Amino acid sequence: MRRTQHHNRRKQEIRLRLVVLAVAAVCLVAGGFVLGRVTAPKPHQAAVVKKSAQIRRNKPSRSRQTTAAAAASPVVPRAIAQPIQQTLTARLQAQHFSGTAIVIKNGKLVASTSLGQASVKRHLANREDTMFEIDSLQKSLTAGLVIQLLDAGKLKLTTPIGDFYPRFKNQPRITVGTLLKMRSGLKTVGTLAPKYQSDRQLVDYVAAHVTDDPHQFGIWQYTAVNYVLLVGIVEKVTGQSYEALFKQAYIDRLHLKQTVMAYHLRPTMNYASGYNVQGQNSYASQQLTSLDQMHAELGTGQVYMSALDFYRATRSLMTGDLLGGTRAQLYRPGQPNLFYDAGFYQNVPGFLRANGSGYGYMTTMQLSRNGRDAVVILGNVQGRSRAGIIALAGQLRQQFLQAK
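About the criteria used
Residues numbered from 1 in each chain as written. Predicted model: local features only at pLDDT ≥ 70, side-chain atom pairs only at ≥ 80, totals over all residues. Heavy atoms only, no water. Helix = DSSP H or I, 4+ residues; strand = E, 2+ residues; numbered from the N terminus. Buried < 20%, exposed > 50% of the residue type's maximum accessible area, 1.4 Å probe, protein only. Contact = heavy atoms within 4.5 Å. Areas by Shrake-Rupley, 256 points an atom, 1.4 Å probe, with all protein chains shown as cover. pLDDT = per-residue confidence, 0-100. Core = buried A, V, L, I, M, F, W, Y, C linked by side-chain atoms within 4.5 Å. Axes fitted to C-alpha atoms, helices over the stretch in contact; angles between N-to-C directions. Parallel < 35°, antiparallel > 145°, perpendicular 65-115°, else oblique. Left-handed = near helix turned anticlockwise from the far one by under 90°. Nonpolar A, V, L, I, M, F, W, Y, C, P; charged D, E, K, R; others polar.

**Student:** Would you mind showing me how to read the overall build of the chain here?
**Tutor:** The secondary structure content of the chain amounts to 14 helices and 17 strands. Residues counted as buried form 49% of the 404 residues belonging to the chain. Counted over contacts in the chain with a minimum sequence separation of 6, partners at least 24 positions apart contribute 69%. Working note: accessible area of the chain is about 19,500 Å², and carbon and sulfur atoms make up 55% of it.

The following block contains the structure:
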């Protein structure tokens with residue numbers, strides 16, 4: 001009997017020890033899981049920590065090149081024409097160009113050249129899918145958002161901006177149309193860049209500090225503030241942020257993969273840093289931009305895009321995929337007295353043009369009225385011949401794209 005009781009007690013002790021061990025194991029695993037959740041870096045932090053391991057050297061792998069080409073081919077078919085390709089490359093090399101340039105003919109990519117370094121520090125060469133700060137080229141895309149509201153009847157070209165900005169309540173001459181044409185008489189010295197809190201705060205600050213010169217009303221002068229005020233109007237009419245509207249109209253609708261707001265850049269992304277040339281050194285001085293400056297360029301120069309993404313976005317403005325009949329009132333290339341409207345210079349028959357520069361970048365583009373022909377040049381070294389690059393875009397248009 002005692003032996004039996006002793007045996008039973010022994011079995012109970014063993015069970016108890018097993019239970020204790022099991023509980024301890026569970027606690028250890030749970031504790032480790034909780035500790036891991038608390039101490040693990042957030043995704044973007046982990047990306048920064050691992051950036052040295054993820055940074056690509058000068059030449060991308062064959063698999064990445066193939067993947068990028070496959071992704072681009074359905075929307076912009078590739079049909080490289082060697083005479084155009086060789087001409088593009090030779091003329092860019094002659095100007096010591098750093099960046100990416102493409103030529104589109106009849107809706108196909110017929111030439112694509114990338115030269116120089118996207119980032120010396122990150123050991124990245126420029127590639128076809130490299131993103132560049134597009135600077136003032138962005139104004140054409142901002143105008144597209146305004147035209148959507150014109151199509152919907154929510155705005156008119158004759159709508160006074162005093163409907164949105166109390167300061168201009170008694171100045172009905174300044175309208176949405178005069179902002180689009182940059183003939184409002186409003187101007188600033190440089191970019192107004194207050195400490196950023198919100199788009200609304202920024203736009204209100206700009207509206208309060210802009211200079212209104214009635215004597216300049218109706219006279220064209222290139223002032224980015226016109227488009228900052230347009231963004232404020234668009235946000236007030238829609239109740240949405242510019243970023244959200246831009247994402248819906250372009251990034252999501254067109255499935256753009258190489259497009260991002262400047263303030264969302266991460267070190268592991270494939271983007272070009274901006275440089276100012278010094279002597280013979282193209283990459284002597286990297287240009288750094290604060291978050292306040294990035295936000296201050298609201299709608300006017302705060303987007304990074306690849307050349308192909310930018311082409312696809314502007315093509316959508318021409319084809320009717322995004323815009324309705326109002327675009328015919330605004331895109332009228334070939335009228336010398338018009339000169340500038342809706343983010344484009346329009347004094348070249350059949351083509352619209354746009355240029356940009358700043359923060360170490362230099363950009364230009366020429367786009368046909370039907371969106372099927374284009375030259376896009378995005379550079380990341382400022383201080384070389386800007387006039388030469390703009391002239392080159394026109395020469396390529398005349399030589400290869402315009403009907404003889």
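**Student:** What's the story with the confidence of the model for the chain in this structure? I'm lost.
**Tutor:** Interpreting fine coordinate detail is not advised for predicted regions of low pLDDT. The predicted model of the chain averages 85 in pLDDT, with 81% of residues at 70 or higher. The low-confidence segment residues 1–8 (pLDDT under 50) makes 0 contacts with residues lying over four places distant or belonging to another chain. This stretch, residues 18–73, has a pLDDT under 50; its non-local contacts, to residues over four places away or in other chains, come to 25 contacts.

**Student:** Could you clarify how one ought to interpret the nonpolar core in this entry?
**Tutor:** One broad trend across soluble globular proteins is that nonpolar side chains are buried collectively. Leu 141, Tyr 165, Leu 229, Tyr 250, Leu 317 and Tyr 331 are the most contacted members of the largest nonpolar core, which has 86 residues in total. Here this core gets 8 residues from one element, more than from any other, and that element is helix H9 (residues 225–238). Excluding its chain neighbours within four sequence positions, the residues that come into contact with Tyr 165 are Val 203, Ala 207, Leu 229, Gly 232, Ile 233 and Lys 236. Counting residues in hydrophobic clusters, the runner-up holds 20 residues, among them Ile 84, Leu 115, Leu 392 and Phe 400.

**Student:** Even after reading the chapter, I still don't get the packing of helix H8 (residues 199–209) against H9, so can you show me in this structure?
**Tutor:** Each pair of packed helices gets described by two things: the angle between the helix axes and the distance between those axes. The contact between H8 and H9 brings their axes to 10 Å, and the two run at 135°. Classified by the angle their axes make, H8 and H9 are oblique. Remark: the crossing between H8 and H9 carries left-handed chirality. Counting all contacts with H8, which are made through Asp 199, Arg 200, Val 203, Asp 204, Val 206 and Ala 207, the residues of H9 involved are Val 225, Val 228, Leu 229, Gly 232, Glu 235 and Lys 236. Looking at side-chain class alone, the contact of H8 with H9 contains 6 nonpolar, 1 polar and 5 charged residues.

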